[in-house]
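Each chain, written out:
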Amino acid sequence: MKLEAAKIILRYGCHGFLLCGVVLSGVLPAQRPELPILTRVEQVAELTPQQAKLGYPVHFQGVVTVSDRRPRLFYVQDVTGGIYVVLHGQKTQLVLGDRVEILGTTNHMGPAPFVLNDRIRFLGKGEPPKALPAAPTELASGKHEGRFVELEGALASVDPNFNGHALSLRVGDLTVRVLFLRSSRLPTKLTVGTKVRVRGVAAVRVDETTQEKSVHVYVSRPDDLEVLHSSQIPDGMGSELSQSIRPRAGPSLTHPHETGLPLLTEPRQILSLSRKDAARGYPIRIRALVTYGDADWRALF
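Quick caveat, the model's predicted, so the values are computed rather than measured.

Caption draft 1: The overall build of the protein chain, seen in detail. The helix and strand inventory of the protein chain stands at six helices and 18 strands. Here the protein chain holds 301 residues, and the buried ones make up 43% of them. Here the protein chain displays about 17200 Å² of accessible surface, and carbon together with sulfur accounts for 52% of that area.

Caption draft 2: Structural view of the packing of aromatic side chains. Tallied over the full model, the rule gives three aromatic pairs. Taking 5.4 Å as the distance between ring centres and 50° as the angle between the ring planes, the aromatic pair formed by Y75 and Y84 counts as tilted. Each member of the pair, Y75 as well as Y84, carries the same accessibility label: buried. Ring centres of Y75 and Y218 lie 5.9 Å apart, and the angle between their planes is 35°; on these two criteria the pair is classed as tilted. Taken together, the residues Y75 in strand β4 (residues 73-78) and Y218 in strand β13 (residues 213-219) connect sequence positions 143 residues apart.

Caption draft 3: Here's a closer look at the pairing of strand β12 (residues 195-206). β12 sits mainly inside the fold: 10 of its 12 residues count as buried. Of the pairings in the sheet, the one linking β12 to strand β14 (residues 225-229) comprises four bridges and is antiparallel in character. Directly across from V196, in β14, lies its bridge partner V227. Once β12 ends, the chain turns through six residues before running back antiparallel as β13, passing Q211 with a positive phi of about 65°.

Caption draft 4: Seen up close, the nonpolar core. Core analysis: the biggest nonpolar cluster contains 21 residues, and L139 and V176 have the highest contact counts within it. The biggest single contributor to this core is strand β11 (residues 174-180), with four residues. Excluding residues within four positions of it along the chain, L139 makes contact with A134, V149, L151, L174, V176, A202, V204 and V215. Membership of the second largest hydrophobic core comes to 19 residues, among which are L47, V58, F60 and L87.

What counts, and at which threshold
Residues numbered from 1 in each chain as written. Predicted model: local features only at pLDDT ≥ 70, side-chain atom pairs only at ≥ 80, totals over all residues. Heavy atoms only, no water. Helix = DSSP H or I, 4+ residues; strand = E, 2+ residues; numbered from the N terminus. Buried < 20%, exposed > 50% of the residue type's maximum accessible area, 1.4 Å probe, protein only. Areas by Shrake-Rupley, 256 points an atom, 1.4 Å probe, with all protein chains shown as cover. Phe/Tyr/Trp six-rings, centres within 6.5 Å; stacked < 30°, edge-to-face > 60°. Pairing = 2+ DSSP bridges. Core = buried A, V, L, I, M, F, W, Y, C linked by side-chain atoms within 4.5 Å. Contact = heavy atoms within 4.5 Å.

Put into structure tokens, the structure is as follows:
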């Protein structure tokens, strides 16, 4: 009996995830006798996009490395590698470290193949795999796609994300998006510049519009985020900035005598403004230290 084609729309929100429409042809392993059954994750990872879309039957055992219903993340790793598994609408209570048996078919989405799950069987409790040290170039190339990795870097920003937090981490010349899942609070207070060690599952995402790649790391446990060195800016250190600016975007700078508004010279004066007052365009002149700058995002702290 042939299964009907299923169209799955994966929505990944506003923090770097993609909006993908993928047509998946669901076929049971027994219906594709001409294709060999793949029993190792590395066999799936080695498929070309065209091969993966043929729907190779898959049957392997592994350990759950990410399981989160928001935003529908489920990764499994065996001794040869890790891979994303589409649960096909199934609800599961599986957690990090659980040993499972996966039966399904292959397909391809974005930069990597994945498994469309037909049946998943819980085998027992276990431990997550040992984290693999990952270099920036290896993360950017997708070498560790779907693997449980470990990396160190300096914190660039922290933002709320779904039911967790999104951290921007500078790892060498690479910016990594670290998604701290299933937590309304981070395990420790973090400031920009803090050096941290992170363990989680690596994935490369591709923007459908710009085709730009970004590296994500999914973190499930508080213990997998470790502070190595808190950031403190000594007196006299850092880059000095002296510039007259306005709180809102404008074609040119405005001086106090042009607005009739008082000149603000301290950050606390700006922070005390209401949204309505800030929109009036108070002139600002501040001498301060630059703690973070990103030309791509036009961000300066």
